[in-house]
Amino acid sequence: MGSPYEVSELGKGFWAVKEDFVRFFLIEGSNKAMLIDTGLGGGNLVELVKNLTDKPVIIVNTHADGDHIGGNGFFESIHMHPSEYDYYLFGKQERNSKLIPLWEGDVIDLGGRKFEVILIPGHTPGSIALLDRENRFLFAGDSLQRELIYMIGRGRNLPAFGETLKKLLKLIPAFDTVYAFHGHAVAEGPELVRDVADAYERLMAGQVKGVLTDDPMKAKIYDCGVTRFLTEPDCEL
Ligand SMILES: [Zn+2]
C-alpha cells in the first residue's frame, strides 16, 4: 500500500502534508521542528517526519477533531490547549500520549522561528491559532477555512466563535498569510478572516437559510458562499 501522504514544500524547512481531505504542516527551526496536527493517522507519520527533518519534533494540535489528531498515537507527547483535553480524552482510554499544555501567549521557539499561541474558542473550546510574527503566517486550524466549519457536536459554541472572529480581525495587521487545513487553497490572505467574519454576521442575523441534510450525518448546512457552517439539525438562526 502506498503512502496516504502528499507532501509539498512551501518554503525552506516548511512543508504541507495532505492526507485525503485534511492538511497539516511541518516546520523546521534550527533546534527543533514542529508538526502542526497529525491528520487522519492513515500512514506511518514517524517515517514521513524523519524523511523530512532530522531535528527533534514537537507535536502541536490546533484542536482535537478526529481528522487533526489521528496520528497522535505515534508520538509520546502532544501539545494542546488544556480547554481541549476534555474533548480529546472523552471516552478515549487508549489516548496515552502525555499532554503538554499550551496557553494563550505561550511562544514556541524552534530556533530562528517562533510561534505565538492564540486561543480561538468556538469551533472547539480549546482551538488555538499559531502566529509567526516574523514571517507573518497564521495557522488557525478549522476556524478559518472555506470548507464546512463544524459547529455541531461536543463543545461547539457559536457566540464564542463570534468573539474569536473579533479577536482575529484585530490581529490582521500581524499576518499576510493564513494556512488552511481544508480546501483547495493551501494559503490565503487576511481576506479569509474578513470573509468568515462577514459570513458569521449574516448567519447570526438570520440572513442565511439552513438546509437539512442526511449526508454524512443529520445536520444543517448554512451556505454563506464564502464559507459554510454545519450545525445541529434543530439549530434555528
Ligand atoms: Zn478538520
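You'll find the structure just up there.
Residues numbered from 1 in each chain as written. Predicted model: local features only at pLDDT ≥ 70, side-chain atom pairs only at ≥ 80, totals over all residues.

## Notes on the overall build of the chain
Quick note on the threshold: Numbering of helices and strands starts at the N terminus; helices are DSSP runs of H or I of at least 4 residues and strands are runs of E of at least 2. Any residue whose C-beta has 12 or fewer other C-beta atoms within 10 Å is treated as exposed, any with 20 or more as buried, and any in between as partly exposed, C-beta atoms being built from the backbone. The contact rule is simple: place each C-beta atom from the backbone, and if two of them lie within 7 Å, those residues are in contact.
Looking only at helices and strands, the chain has five helices and 17 strands in total. Buried positions account for 42% of the 237 residues belonging to the chain. Once local pairs closer than 6 in sequence are excluded, the contacts in the chain between residues at least 24 apart make up 51%.

## Some details on the pairing of strand E9 (residues 114-119)
The condition is simple: For two strands to count as paired, DSSP must find a minimum of two bridges between them.
As judged from the three bridges shared by strand E8 (residues 107-109) and E9, these two strands associate in the antiparallel manner. Across the sheet, the residue bridging to Asp109 is Lys114, located in E9. Connecting E8 to the antiparallel partner E9 that follows it, the hairpin turn spans four residues, and Gly111 within it adopts a positive phi of roughly 95°. Bridging between E9 and strand E10 (residues 128-132) involves four bridges; their strand directions are antiparallel.

## Things to note about the sheet that holds strand E13 (residues 177-179)
Taken together, six strands build an open sheet; the order of strands is E8-E9-E10-E11-E13-E14 and the sheet is mixed. Here the strands that pair on one side only, and so sit at the sheet edges, are E8 and strand E14 (187-188). Bridge count between strand E11 (residues 137-139) and E13: three bridges; the pairing is parallel. Looking across to E13, one finds that Phe137 is bridged to Thr177.

## Points about the environment of Thr213
Examined against the element boundaries, Thr213 turns out to sit in strand E15 (residues 210-213). Looking at Thr213, the number of C-beta atoms within 10 Å reads 13, which means it is partly exposed. In this structure the C-alpha to C-alpha distance between Thr213 and Pro233, which are 20 residues apart in sequence, comes to 8.1 Å. If we skip the residues at most four places from it in the chain, Thr213 touches Ala219 and Ile221.

## Considerations on helix H1 (residues 45-52)
Our working definition: To obtain the arc, one takes the directions from the helix axis to the C-beta atoms.
What H1 keeps buried is the set Leu45, Leu48 and Val49. Within H1, the buried residues cover an arc of 95° as seen down the axis, which keeps them to one side. Exposed side of H1, more than 90 degrees from the buried face: Val46, Glu47, Lys50 and Asn51 are the residues found there. Looking at the buried residues of H1, the elements they touch are strand E1 (5-11), strand E2 (14-19), strand E3 (22-28), strand E4 (33-36) and strand E5 (57-60).

## Side note on the nonpolar core
Note the cut-off: Defined on buried residues, the nonpolar core groups Ala, Val, Leu, Ile, Met, Phe, Trp, Tyr and Cys residues joined through C-beta atoms within 7 Å.
If you look at the biggest cluster of nonpolar residues, it comprises 61 residues, and the most contacted ones within it are Met34, Ala129, Phe139 and Val178. Apart from residues no more than four positions distant in its own chain, Val178 is found in contact with Leu138, Ala140, Leu144, Ala187, Glu188, Pro190, Leu192 and Val193.

## A closer look at the sheet that holds strand E17 (residues 228-231)
Strand-to-strand pairing in sheets goes through backbone hydrogen bonds, with the strands running parallel or antiparallel. Spelled out, the test is: Interaxial angle, 0 to 180 degrees, is taken between N-to-C directions of lines fitted to C-alpha atoms, where a helix line uses only the stretch in contact.
Read from one edge to the other, the open sheet built from four strands follows the order E12-E17-E16-E15, with strand pairing classed as mixed. Two strands in the sheet have a free side with no partner beyond their single neighbour: strand E12 (148-151) and E15. Averaged over all pairs of adjacent strands, the angle between strand axes in this sheet comes to 30°, irrespective of strand direction. As defined by bridge partners, strand E16 (residues 219-223) adjoins E17 across four bridges and the pair is classed as antiparallel. Looking at the pairing, Lys220 lines up with Thr231 of E17.

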